[in-house]
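Here's the letter readout for the chains.
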Amino acid sequence: MSFCCSISGEAPTEPVISSKTGRVYEKRLLIKHLEENGREPQTDHGLSEEEIISVYADPPAVKPRPPTLTSIPALLSTFQNEWDSLVLETFTLKQQYQQVRQELSQALYQNDAACRVIARLMKERDEARETLATLQAQVGTVTKQATDEEPKNEAQAMDVDKEDQSPEEVYCEKAAETAQVLSKARMKREIPEGLVTADAWKTAKQSEHVESLHTTTKPGILSLDVDRAGDLALTGGADNHAEVYSRSRDQTLATLKGHTKKVTAAVWVNGGGLEQSIVTGSADKSVRIWSPKAGNGGESVRSMGWTKSSIIKHHSAEIAGIAVHPSNEYFASASVDGNWAIHSMEGTTVISGSIDSPIAKIAFHPDGMFLGIGTADGYAKIVDVKQKQVLATLDLSSSVEGATEINGLHFSENGYYFVTTSPCEAAVWDLRKQKKAQSWSVSDLAGNDEARFTTACFDMSGKYLALVADNVFVFKVKGWSQLVALPTGESSVHAVAWCGRVSSSIVAAAMDNSLQYYAPE
C-alpha cells in the first residue's frame, strides 16, 4: 500500500490525512504550508495541526525508485545530458574570459596611448615656453632695422597662411576682424554733426518728383539703394534693367542691361558712388557684378557707365535679395527656394547654406557676423554664417490670408534694433531680448483699410525710421513717436531709402517708375 502527497506528488515518508478533505500529505510539507498560509493547500478551508490525522502503514511504505533511473540506458542518458551541460557551460565561460581579456588589453593600450600623448604635449608645451622666453629676452636687443623689416615679414607670413586657407576660412577670418573693428567703433559712435532734427522732420513734404526712370512697357521699381552722399539712386526695375540716377544732374547716368527677367535686387558696394561697383540680382536666377568705367571720374555723362565683370549662377530659383558685407569684400545672395550664399567681389562663391522656409528678404547685421532673413511664411531668422545655423526665429505670421510674407527687413546701425514688415504689421525687434520693442498694424497708421505695409528702413544715424504703407511714415527711434506722414500718391511704393549721413531727405521708389524725394522745409 502506498500514498502520494498532494503537494509534492511523491510517496510521503510520514503520511497524514486532512480531516476536512481526506487528502494525503507529507506531514513536514503540510505543517510548513499551514505556518505560512493557515489554510489547506488548494482549498479555502482553514486547517490546524489538531485536525491532521497521522497514518501508520504496516509494513512501512518504501519510497519507489525514480522511473528515469531504473535502468542502465536511463542512467547513461542522464550522465550524457549532465556532461553536455557541463561542456556548454565551460565553453561559455571560456568565451567570456576571452572577451574580458580583449577588453582589458584594449583599455591598457588606450591608457598607454593617452600617457604618450600627454607626455608629448607636455614636452611641446615646455619647448614652446622655452622658445617664448628666448624670444622675449631677444626683444630688447632687436635693432631698428630689424624692427622696420618685421612688418614685411609678418605680412609675407600672413600671405602664406592665407594661401593655405580655404576661401571659407579666409571669409570667416575677415568677417571676425571686421566685426571686432566695427563693434569697437560703434561703442564710440556719436550723433553726426548737422543731423536733421525731429522738429525739422515734422515740417517735411515732397521736394522733388522724378518720372519715367525705366521703360513703360514693364513699369515698376522693385529695388532702391542710394549712395552714401545721397546723390546717386540705384534702382532695379520690372523691365529687366538697373539704372543709376543722379539727383544733382537730374538725369540717368547709366542703364545696366543683361538680365533677362525683372531685377529684384540692386545694391551699391562700399557706400556707392561713381567709382564703386554694383551688384544686381534677378528673377532669371543670376547675380551680376558691375565694375565702373574709367570715364566715371570725368564730367562727361556719355563716358560714364558700368560694365559686367562677373555672372554668378549659383542659385536655381529667383533671387530674393542681395546684401553687401560691411567689409565690402563679400556679399550675400538669397533665392526664393530657401538657399543663401556668400560670394567674393570677384564672383567666387565661398559659403552656401539653406533654411527650411522660402526666403523673401535678406540683410547683413551691421557687424557682418550674422544674416537677417525674412521668409515668405512670416518668420524673421537670424543666421550665423560661419556655423550655418539659425540662432533665433521671430514669428510675424498673420491670420490674414496672403499677408504673412516678410516684405521689408532692415538693421539699425546701433546693432541691436531691426525692423520687419509684413502686409498687415510692422515691428521693431530688440535683438538683445529677442522681443518686439514696438509694433504697428495697418489700421494704426493707414487711413485706407486696403493699405498694406511694403517696406521699412532706418537712417544711417539710427535715430529715425521710415515705414511705408499708403504713406511714408517717419518715426523717432526709442520713443517711437510719429513725426510725419508723407503722401506717396496713387502708385504703391515698394522701396525707400534715406539720403546722406545727416538724413537730409528720403527717397521713395514707386511702381509707376517714379522717384519721390521728401525733405524738411
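The rules behind each value
Residues numbered from 1 in each chain as written. Predicted model: local features only at pLDDT ≥ 70, side-chain atom pairs only at ≥ 80, totals over all residues. Heavy atoms only, no water. Helix = DSSP H or I, 4+ residues; strand = E, 2+ residues; numbered from the N terminus. Rg over C-alpha atoms; globule rule 2.2 N^0.38 Å. Buried < 20%, exposed > 50% of the residue type's maximum accessible area, 1.4 Å probe, protein only. Contact = heavy atoms within 4.5 Å. Areas by Shrake-Rupley, 256 points an atom, 1.4 Å probe, with all protein chains shown as cover. Lys, Arg positive; Asp, Glu negative; His and termini not counted. Charge placed at Lys NZ, Arg CZ, Asp CG, Glu CD. Pairing = 2+ DSSP bridges. Axes fitted to C-alpha atoms, helices over the stretch in contact; angles between N-to-C directions. Salt bridge = Lys/Arg side-chain N within 4 Å of Asp/Glu carboxyl O. Patch = residues over 30% accessible without salt bridge, like charges linked within 9 Å, V, L, I, M, F, W, Y side chains within 5 Å. Core = buried A, V, L, I, M, F, W, Y, C linked by side-chain atoms within 4.5 Å. Phe/Tyr/Trp six-rings, centres within 6.5 Å; stacked < 30°, edge-to-face > 60°. Lys NZ or Arg CZ within 6 Å of the ring centre and 35° of its normal.

Further remarks concern the overall build of the protein. Counting its secondary structure elements, the protein contains six helices and 31 strands. At 43 Å, the protein has a C-alpha radius of gyration far larger than the 24 Å of a compact globule built from 521 residues. Its C-alpha atoms give the protein principal-axis dimensions of roughly 140 × 75 × 45 Å. When burial is assessed residue by residue, the protein has 41% of its 521 residues classed as buried. The contacts of the protein with a sequence gap of at least 6 include a subset with a gap of at least 24, amounting to 46%. Carbon and sulfur atoms make up 50% of the accessible area of the protein, which amounts to about 28700 Å² in all. Put simply, the protein has 51 plus and 68 minus side-chain charges, and the middle of one group is 2 Å from the middle of the other.

Read across the sheet, four strands follow the order β25-β26-β27-β28 without closing on themselves; strand pairing throughout is antiparallel. Both edges of this open sheet fall to β25 (455–458) and β28 (481–487), since each of them pairs with a single strand only. Averaged over all pairs of adjacent strands, the angle between strand axes in this sheet comes to 20°, irrespective of strand direction. Direction of pairing for β25 relative to strand β26 (residues 464–468): antiparallel, over a ladder of four bridges. Across the sheet, residue Cys 457 finds its bridge partner in β26, namely Ala 466.

Our next topic: the sheet that holds strand β18 (residues 370–375). If you walk across this open sheet you meet the four strands as β17-β18-β19-β20, and the pairing is antiparallel. Sheet topology places β17 (359–364) and β20 (389–395) at the edges, where each strand pairs with a single neighbour. In this sheet, neighbouring strand axes are inclined to one another by 20° on average, regardless of whether the strands run parallel or antiparallel. In terms of strand pairing, strand β19 (residues 379–384) meets β20 through six bridges, oriented antiparallel. By the bridge assignment for β20, Ile 382 is matched with Ala 392.

Phi is positive for Gln 42, which is not a glycine, with a value near 65°. Turning to its location among the elements, Gln 42 is positioned in the loop between α1 (27–37) and β3 (52–54). A positive phi angle, near 70°, is found at Asn 513, a position not held by glycine. Mapped onto the fold, Asn 513 is located in the loop between β30 (505–510) and β31 (515–519). Assessed through its relative accessible area of 2%, Asn 513 is described here as buried.

Turning our attention to the pattern of salt bridges. Tallying each qualifying case throughout the model produces twelve salt bridges. Asp 112 is the partner of Arg 116 in a salt bridge, and the nearest nitrogen-oxygen pair spans 2.9 Å. Of this pair, Arg 116 and Asp 112 both sit in helix α2 (residues 72–139), four residues apart, which is roughly one turn of that helix. A relative accessible area of 36% places Asp 112 in the partly exposed class. Between Glu 329 and Lys 174 there is a salt bridge whose closest N-O contact spans 3.4 Å. Here the residue Glu 329 occupies a position in the loop between β13 (319–324) and β14 (330–335), and Lys 174 occupies one in helix α4 (residues 167–187), the gap between them amounting to 155 residues.

Take a positive patch on the surface next. Taken together, the side chains of Arg 189, Lys 463, Lys 476 and Lys 478 make up a positively charged region of the molecular surface. The exposure class assigned to Lys 478 is exposed, which follows from its relative accessible area of 58%.

What follows deals with the pairing of β25. Taking every second residue as pointing to the same face, both faces of β25 are buried, with Thr 455 and Cys 457 on one and Ala 456 and Phe 458 on the other. With antiparallel pairing between neighbouring strands as the criterion, β25 and β26 make up a hairpin whose turn holds five residues, including Gly 462 at a positive phi of roughly 75°.

It is worth spelling out the environment of Asp 512 at this point. You can see Asp 512 is positioned in the loop between β30 and β31. For the pair Asp 512 and Ser 248, spaced 264 residues apart in the sequence, the C-alpha separation amounts to 22 Å.

Turning next to the pairing of strand β10 (residues 278–282). Looking down a regular strand, the side chains alternate between one sheet face and the other. Where burial is concerned, most of β10 is hidden: five out of the five residues are buried. By the alternation rule, side chains of β10 split into Ile 278, Thr 280 and Ser 282 and Val 279 and Gly 281, which are all buried. As paired elements, strand β9 (residues 263–268) and β10 share five bridges and run antiparallel to each other. Considered in β10, the bridge of Ala 266 is made with Thr 280.

Right, let's get into the nonpolar core. Core analysis: the biggest nonpolar cluster contains 21 residues, and Trp 201, Tyr 464, Val 472, Val 474, Leu 486, Trp 498 and Ile 506 have the highest contact counts within it. Residue assignment for this core shows that the elements contributing at least two residues are α5 (198–201), β26, β27 (471–476), β28, β29 (493–499) and β30. Leaving out residues up to four positions away in the same chain, Ile 506 has contacts with Trp 201, Ala 466, Val 472, Val 474, Val 496, Ala 497, Trp 498, Gln 516, Tyr 517 and Tyr 518. Within the second largest apolar cluster, 20 residues are counted, among which are Ala 175, Ala 320, Ile 359 and Val 383.

What follows covers the packing of aromatic side chains. According to the stated counting rule, one finds nine aromatic pairs in the structure shown. Geometrically, the ring pair formed by Tyr 171 and Tyr 330 is edge-to-face, given 4.9 Å between the ring centres and 85° between the ring planes. Within this pair, whereas Tyr 171 is found in helix α4, its partner Tyr 330 is found in strand β14, the two being separated by 159 residues in sequence. Summarising the burial analysis for this pair, Tyr 171 and Tyr 330 share the class buried. In this arrangement the basic side chain of Arg 432 is found over the ring face of Tyr 416, its NZ or CZ atom lying 3.7 Å from the centre.

So, on to the side chain of Thr 454. Mapped onto the elements of the fold, Thr 454 is located in the loop between α6 (442–445) and β25. For Thr 454, a relative accessible area of 11% corresponds to the buried category. Discounting chain neighbours no more than four positions away, the residues touching Thr 454 are Asn 407, Gly 408, Thr 421, Val 468, Val 493 and His 494.

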